Amino acid sequence: MLESELKVDGNAIGGLLREFFTVEMTAAESTCAGCGKVHVVGRVDVYMNAPGVVVRCPSCTNVLMRVVRGGGRVWLDLSGMRCIEFTDPEA
Amino acid sequence: MGFISRGFKGRREPAADSSRLPPGQYLVRDFPVLSAGPTPHTPLAEWSFTITGAVDADKTWSWEEFRKLPSETVTKDIHCVTKWTKLDTSWTGVAVSTLLEGIDTSADYVVAFSDGGYTTNLPLEDLVDGKAWVAYEFDGRPLEPEHGGPARLLVPHLYFWKSAKWVRGLSLRNEDEPGFWESNGYHLYGDPWREQRYWGD
Ligand SMILES: [Zn+2]
């Protein structure tokens, strides 16, 4: 299998993030806690053939986000993302 | 035993296979590739394996030195937490007991660390006495990078996320420190027969 078949872009997690954040997130902007670069969520690197979803910074490969779902629970680690800016659902 | 005779036996004794299938798992014949990040391609000249942490002195082998260590070929069933099980997989590598020979430690736990930053935690006793290997061949051929080559940890009695791909060493610890998946929902120990998938299982 080619590496390019394992890695997809952030649009692949659009549905998942909409469930958690209740708004469309693919246009949200995330700041990498590793290198400080800002990336639109739709353009980050996503690995889904894994025990969870792993989202990485396209600039430095730092893990931005990890999502594990199972047994009726979700574990969401955003420690690799210093900040995420998205449209206020109230606006 | 050839493929045909094994297949024949399988049809006559279907229960023999299901007794090797932990709860919630299904059988696969292929070898699915799981990946949580870019595949590292560390040149063998730059590869090394290190025992570090709670030890008097680190122990390190180059690739050349590592390949001169006594090796074993084992056939094991492997169980991935994403629910596939693959029977009778054949691996060649160095037993972890061999790597720990002569090492004096008070540690009860290990963090295996890999190229690419992956880590996983295990009790030290789960790595010794013929329970774990650092494998560099699969099915008689060099382990492919997508499956963890040049070398991966092989701990077949635990869920396969414990069998860290691209492993570069073991850090001995006095405390059990959660690794990459264990710090985000996955079980600290991961026994497939007790279906220890997530925290609290
Ligand atoms: Zn970054």
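As the structure is a computational prediction, the values presented were derived from the model and not from experiment.

(A) Just the overall build of chain B, in detail. Helix and strand content of chain B: 4 helices and 11 strands. The C-alpha atoms of chain B give a radius of gyration of 17 Å, which matches the 17 Å a tight globule of 201 residues would have. Judged by the C-alpha coordinates and their principal axes, chain B covers about 55 × 40 × 35 Å. Burial statistics for chain B: of 201 residues in total, 53% are counted as buried. Residue pairs at least 24 apart in sequence account for 66% of intrachain contacts in chain B once pairs closer than 6 positions are excluded. When the accessible surface of chain B is split by element, carbon and sulfur atoms take 51% of a total near 9,400 Å². Side-chain charges of chain B comprise 21 positive and 29 negative groups, with the mean position of each set lying 9 Å from the other.

(B) Region of interest: the interface of chain B and chain A. Listed as interface residues are 21 residues of chain B and, on the opposing side, 22 residues of chain A. Roughly 1,900 Å² of surface becomes buried between chain B and chain A when both sides are summed, with 58% attributable to carbon and sulfur atoms. The interface formed by chain B and chain A contains 0 salt bridges. Counting the contacts that link chain B with chain A gives 9 residue pairs in polar contact (both at pLDDT 80 or more).

(C) Expanded view of the sheet that holds strand E8 (residues 81–85) of chain A. Residue and element names in this part refer to chain A. Strands sit in the order E3-E2-E8 across an open sheet of 3 strands; the sheet is antiparallel. Strands at the two margins of the open sheet, each flanked by one partner only, are strand E3 (38–40) and E8. The average angle at which neighbouring strand axes cross in this sheet is 25°, direction not considered.

(D) Highlighting the sheet that holds strand E6 (residues 109–114) of chain B. Residues and elements named next belong to chain B. A sheet is described by the order of its strands in space; here 5 strands give the open sequence E3-E2-E11-E6-E7, paired in mixed fashion. Only two strands of the sheet have a single partner each, and these edge strands are strand E3 (59–62) and strand E7 (119–123). Taking each pair of neighbouring strands and ignoring which way they run, the sheet shows an average axis angle of 15°. Summarising the sheet, strand E2 (residues 48–53) and strand E11 (residues 167–173) pair through 4 bridges and their orientation is parallel. By the bridge assignment for E11, Ile51 is matched with Leu170.

(E) Here's a closer look at the pattern of salt bridges. Residue and element names in this part refer to chain B. Using the criterion set out here, one finds 11 salt bridges over all chains in the structure. Among the ionic pairs, Asp88 bridges to Arg20, the shortest N-O distance being 2.7 Å. Residue Asp88 is located in strand E5 (residues 84–95), and its partner Arg20 is located in the loop between helix H2 (14–18) and strand E1 (26–27); the two are separated by 68 residues in the primary sequence. A residue is classified by how much of its surface remains accessible, and Asp88, at 31% relative accessible area, is partly exposed.

(F) Examining the packing of aromatic side chains more closely. All chains considered together, the criterion is met by 23 aromatic pairs over all chains. Ring plane angle 70° and centroid distance 5.9 Å describe the contact between Trp75(A) and Trp199(B), whose orientation is recorded as edge-to-face. One end of the pair, Trp75(A), is in strand E7 (residues 73–77); the other, Trp199(B), is in the segment after E11, on a second chain. What makes Trp75(A) buried here is its relative accessible area of 10%. Ring geometry for Phe31(B) and Phe160(B): centres 6.5 Å apart, planes at 45°, overall tilted. Here the residue Phe31(B) occupies a position in the loop between E1 and E2, and Phe160(B) occupies one in the loop between strand E10 (152–154) and E11, the gap between them amounting to 129 residues. Residues Phe31(B) and Phe160(B) agree in their burial class; the two are buried. Of the aromatic side chains, those joined through ring pairs into one cluster are Trp75(A), Tyr118(B), Tyr159(B), Trp161(B), Phe180(B), Trp181(B), Tyr186(B), Tyr198(B) and Trp199(B).

Parameters at a glance
Residues numbered from 1 in each chain as written. Chains lettered and ligands numbered in written order. Predicted model: local features only at pLDDT ≥ 70, side-chain atom pairs only at ≥ 80, totals over all residues. Heavy atoms only, no water. Helix = DSSP H or I, 4+ residues; strand = E, 2+ residues; numbered from the N terminus. Rg over C-alpha atoms; globule rule 2.2 N^0.38 Å. Buried < 20%, exposed > 50% of the residue type's maximum accessible area, 1.4 Å probe, protein only. Contact = heavy atoms within 4.5 Å. Areas by Shrake-Rupley, 256 points an atom, 1.4 Å probe, with all protein chains shown as cover. Lys, Arg positive; Asp, Glu negative; His and termini not counted. Charge placed at Lys NZ, Arg CZ, Asp CG, Glu CD. Buried area = accessible area lost by both parts, 1.4 Å probe. Salt bridge = Lys/Arg side-chain N within 4 Å of Asp/Glu carboxyl O. Polar contact = N/O pair within 3.5 Å; in protein donor to acceptor, adjacent residues only side chain to side chain. Pairing = 2+ DSSP bridges. Axes fitted to C-alpha atoms, helices over the stretch in contact; angles between N-to-C directions. Phe/Tyr/Trp six-rings, centres within 6.5 Å; stacked < 30°, edge-to-face > 60°.

In short, shape yes, function no, at least from these values alone.
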